[in-house]
Amino acid sequence: MTNYLVVTAMGADRPGLVSRLARLASDCDCDIVDSRMALFGNEFTLIMMISGSWSAITKIETLLPSLSVELELMTVMKRTSKHVPKNFVSRIEVTFTGEDQRGTMKSITQFLADRSLDLAAVRSHAEDNEGLQTQSIFLAINIPEKVDLAKLESTIYQLAEDMNLECSIKLMQGTTSPQ
């Protein structure tokens, strides 16, 4: 039976961190089945899902703390199970852009939570653009069968207008635009 472990690591960015963590997984006879790495300021962050036998996962759980100390990383581990995707009929990608405003992410995610929509991915970025603070928020949203896609699109555009943001919505492959 395959076991799964989610590992999160964070620390000062420097070359070789991903290599050392990937080597540990390999040395423990584990596979990295999913991973994301990003830099936030000067901080390195990595989230990865590892799979392996019970003993392989136990081995990495035992060895990771000492490697974390050596690499000066904060790490968190949690056993999990394989992701079983829910049955969604489609997915949309929504991008909001405009002047950076405090509370934008709170408002957008509350809008989605109020409608019980499933977020598949979120990326946000703020930057100084010649003295103007701008932001960009990307969302991948899984759409269940019961949701009226045309009405949802309309309400997303209205939300963007209310927040004085530009908005684009892209229907993912295999979906059709409502008439």
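It should be noted that the structure appears before, not after, this text.
Residues numbered from 1 in each chain as written. Predicted model: local features only at pLDDT ≥ 70, side-chain atom pairs only at ≥ 80, totals over all residues. Heavy atoms only, no water.

Draft legend 1. Structural view of the sheet that holds strand 1 (residues 3–12). On the basis of which strands lie adjacent, the open sheet formed by four strands has the order 2-3-1-4 and antiparallel pairing. The open sheet has two edge strands, strand 2 (31–40) and strand 4 (74–80), and neither has a second partner. Sheet twist, expressed as the mean angle between neighbouring strand axes with direction ignored, is 10°. As paired elements, strand 1 and strand 3 (residues 43–52) share 10 bridges and run antiparallel to each other. Across the sheet, residue Val 6 finds its bridge partner in strand 3, namely Met 49. (Pairing = 2+ DSSP bridges. Helix = DSSP H or I, 4+ residues; strand = E, 2+ residues; numbered from the N terminus. Axes fitted to C-alpha atoms, helices over the stretch in contact; angles between N-to-C directions.)

Draft legend 2. Looking closely at the sheet that holds strand 8 (residues 166–171). The antiparallel open sheet is built from four strands, whose spatial order is 6-7-5-8. Of all the strands in the sheet, just strand 6 (118–129) and strand 8 have a single pairing partner and so form its edges. Within this sheet the neighbouring strands show an average axis-to-axis angle of 10°, counted without direction. With 10 bridges connecting them, strand 5 (residues 90–99) and strand 7 (residues 132–143) associate as antiparallel partners. In the strand pairing of strand 7, Phe 96 is matched with Ile 137. Helix 3 (residues 104–114) contacts strand 5, strand 6 and strand 7 of the sheet and is inclined by roughly 15° relative to strand 7. (Contact = heavy atoms within 4.5 Å.)

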